[in-house]
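Listed here are the chains, written in short residue letters.
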Amino acid sequence: RGAGRRDMSRRIARGAVAACVNAMTPVSSSSVSSSSSPAAARWRGRRGPATGTATGLQSCRELASTTGAAAAHPLPSPSPPSPPSPSSSSRYAFATAISRAPALEDAVAEAVAECRRRLPRDASATWVQLFVSGDAYGDDDVRQAGAKVRALFGSSPALIGGVVRACVGGEGQTTEGVSITAASMPGAHTTTFRATVGALPALDARTWTTLAKSSANGDTVGAVVLAEASFSDVDDVLQRLHVVMPNSVVLGGVLDQGCVMFVDDDAYTEGAVGMLLRGDFELDTHIAHGARPVGPVMSLTHAQGGAVLELDDSPAHPLLLETLEALPEQSKSMPVMLGIGAHGAEAGGPFICRDILSVGESGGVEVASVELEEGAPVQLHVRDAAWATERAKEVLKRCVTSAKIEDLSSENSVGALIFACGHTNRMHASNFREHLPNVPLGGAYVRGEFGPLMAGGASSVLSHTSTIGIFRKRATAR
């Protein structure tokens, strides 16, 4: 399996988009499973190549010829692209609300009512994000929550969400309750999907062609993707989305194993769900890292599976110990992570940080949830709360610039999503509101975060970060 994945990575790196499309496997038509399979593989967020070329358009045209091979596996009908929002107003509007009502039905109704109150009267929701946290709600009620939210909004918006460690919305956040974020984006189109394998989600050829052309023509294509923790192919899905839509931006995160995920009226506990959004809008991403780089940058010269065997042609473990011993005493006491250079990264990063799981007798170091690529830059990182706080301040300043509030007339015409590690600073959401009080913010604390580390690059599965996406209507004609 490992050799096959490495071969797939090489094919994607050569821009062989057609190979990606030919590998498509239809998703299951099953509706809701009661729990994740005990035999489900442990989630391993793997880093793959982040390349995209104009061949994406060609591969989408070839998609029609590949669907015949999948005919033996019946598909549910994927969500078709939505028509433009019927709102009579052309301006964007966003709203978010939170409810801690003890009954889920009441919490959903309360949060939807508050979002509708905050949206303009003539606005209808284009898409909605729903998060549920806590153990107080029954399983059956949770699985029906997405359908109830859409019914209450009345306009059948695209919907994505899930059960998370804690949710963000309104003026706060909670570990027991519901958060809803609603966006009215007239002229924007949405498509929702479910993925159960690492191939492209099973949408029809016309949809993929439209999305690829939109990306190539300068329209923004954004995506929100949520994956359950045992879904080991999530990074493959992220890479393939980027290959077909090179200018797209993907946000989202990994939920705990067995957690319910919402997509439109359906609920699932395995695989991944996603929402694709295209239109004449801008989507900026900002990532606040929780781990500080320390020591020299080294080259990964020998790796096997998830183990780093040699760095700079020397056994990895002794070399890393030497690096740790040379650090200041304060840094030595901090949790240590290994930063693996993102695909295409220069010697100075950026890095995808992973926990060090164990040390082998041969001097190798096993790291969590990443596919290693020989030749990649490697650097130790420490989880430094003070450093992360200062770095977050810089990120929030960039968010203020990105929101461009001074150019817009309405206080809720810009909206934001946040996906933050459950083990990092939980003040990032409130700090965002202090800097941008007129920008509705919704999101969740998750197990791992999706976001692009480099401008124009594919999103990766990150760790110990807060990833923020800011949506706004394109201010000027292209």
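Residues numbered from 1 in each chain as written. Predicted model: local features only at pLDDT ≥ 70, side-chain atom pairs only at ≥ 80, totals over all residues. Heavy atoms only, no water.

## Here's the deal with the packing of helix α4 (residues 104–118) against helix α6 (residues 145–153)
Reasoning step 1: Where α4 contacts α6, the axes come no closer than 10 Å and their chain directions differ by 35°. Judged by the sense of rotation from one axis to the other, the crossing of α4 with α6 is right-handed. Contacts between α4 and α6 involve Leu104, Glu105, Val108, Ala109, Val112, Cys115 and Arg116 on the former and, on the latter, Ala145, Lys148, Val149, Leu152 and Phe153.
Reasoning step 2: Each residue belonging to the contact of α4 with α6 can be placed in one class, and the counts come to nine nonpolar, no polar and three charged. (Axes fitted to C-alpha atoms, helices over the stretch in contact; angles between N-to-C directions. Helix = DSSP H or I, 4+ residues; strand = E, 2+ residues; numbered from the N terminus. Left-handed = near helix turned anticlockwise from the far one by under 90°. Contact = heavy atoms within 4.5 Å. Nonpolar A, V, L, I, M, F, W, Y, C, P; charged D, E, K, R; others polar.)

## Remarks on the pairing of strand β20 (residues 377–383)
Reasoning step 1: For β20, a buried count of six out of seven residues is recorded, marking the element as mostly surrounded by other parts of the structure.
Reasoning step 2: Strand direction decides the pairing type here: strand β14 (residues 291–304) and β20, joined by six bridges, are antiparallel. Residue pairing in the sheet places Val294 in a bridge with Leu380 of β20. (Buried < 20%, exposed > 50% of the residue type's maximum accessible area, 1.4 Å probe, protein only. Pairing = 2+ DSSP bridges.)

## Structural notes on a negative patch on the surface
Reasoning step 1: A surface patch of like charges, here negative, comprises Glu105, Asp106, Glu110 and Asp141.
Reasoning step 2: A total of three residues in the negative patch trace back to one element, the largest contributor, which is α4.
Reasoning step 3: Locating Glu105 in the fold gives a position in helix α4.
Reasoning step 4: Residue classification places Glu105 among the exposed positions, given a relative accessible area of 56%. (Patch = residues over 30% accessible without salt bridge, like charges linked within 9 Å, V, L, I, M, F, W, Y side chains within 5 Å. Areas by Shrake-Rupley, 256 points an atom, 1.4 Å probe, with all protein chains shown as cover. Salt bridge = Lys/Arg side-chain N within 4 Å of Asp/Glu carboxyl O. Lys, Arg positive; Asp, Glu negative; His and termini not counted. Charge placed at Lys NZ, Arg CZ, Asp CG, Glu CD.)

## Some points on the sheet that holds strand β10 (residues 261–263)
Reasoning step 1: Strands sit in the order β1-β6-β2-β3-β10-β11 across an open sheet of six strands; the sheet is mixed. Sheet topology places β1 (93–99) and β11 (266–268) at the edges, where each strand pairs with a single neighbour. In this sheet, adjacent strand axes meet at a mean angle of 15° when their direction is disregarded.
Reasoning step 2: As judged from the three bridges shared by strand β3 (residues 158–164) and β10, these two strands associate in the antiparallel manner. Note on β10: the bridge partner recorded for Gly161 is Phe262.
Reasoning step 3: Here α4 sits on the sheet in contact with β1, β2 (127–133) and β6 (177–184), set at roughly 150° to β1.

## Re the nonpolar core
Reasoning step 1: Ranked by internal contacts, the top residues of the largest apolar core, which has 58 residues, are Trp127, Ile180 and Met185.
Reasoning step 2: If you tally residues by element for this core, the top one is α4, at six residues.
Reasoning step 3: Once residues lying within four places of it in the same chain are set aside, the contact partners of Trp127 are Phe94, Pro157, Ala158, Thr181, Ala182, Ala183, Met185, Thr190, Met275, Leu277, Leu417 and Phe471.
Reasoning step 4: Within the second largest apolar cluster, 25 residues are counted, among which are Trp208, Leu211, Val250 and Val254. (Core = buried A, V, L, I, M, F, W, Y, C linked by side-chain atoms within 4.5 Å.)

## A closer look at the environment of Arg398
Reasoning step 1: With respect to the element layout, Arg398 can be found in helix α11 (residues 385–403).
Reasoning step 2: For Arg398, a relative accessible area of 39% gives the class partly exposed.
Reasoning step 3: The spacing of Arg398 and His286 is 112 residues in sequence and 7.7 Å in space, taken between C-alpha atoms.

## What about the side chain of Ser248?
Reasoning step 1: Tracing the backbone through its elements, the reader meets Ser248 in the loop between α8 (234–244) and β9 (249–255).
Reasoning step 2: For Ser248, a relative accessible area of 9% translates into the label buried.
Reasoning step 3: Of the polar contacts made by the side chain of Ser248, one reaches the backbone oxygen of Met245; its length is 2.6 Å.
Reasoning step 4: With residues up to four places along the chain from it excluded, the contact list for Ser248 reads Ser215, Val221, Leu241 and His242. (Polar contact = N/O pair within 3.5 Å; in protein donor to acceptor, adjacent residues only side chain to side chain.)

## So, the confidence of the model for the chain
Regions with low pLDDT carry predicted coordinates that are not meant to be interpreted in detail.
Reasoning step 1: When pLDDT is averaged along the chain, the result is 80; 78% of the residues meet or exceed 70.
Reasoning step 2: For the chain, the element scoring lowest by mean pLDDT is helix α2 (residues 17–22), at 35; β10 scores highest, at 98.
Reasoning step 3: In the predicted structure, residues 1–78 sits below a pLDDT of 50 and forms 160 contacts with residues beyond four places in sequence or in another chain.
Reasoning step 4: Counting contacts from residues 84–88, a segment whose pLDDT is below 50, to residues more than four positions away or on other chains yields 16 contacts. (pLDDT = per-residue confidence, 0-100.)

## Here's the deal with the packing of aromatic side chains
Reasoning step 1: Within the structure shown, the criterion is met by five aromatic pairs.
Reasoning step 2: Relative to Phe471, the ring of Trp127 lies with its centre 5.5 Å away and its plane at 50°, an arrangement referred to as tilted. With Trp127 in strand β2 and Phe471 in strand β25 (residues 465–473), the pair connects residues that are 344 residues apart, well separated along the chain. The burial state of Trp127 is the same as that of Phe471; both residues are buried. (Phe/Tyr/Trp six-rings, centres within 6.5 Å; stacked < 30°, edge-to-face > 60°.)

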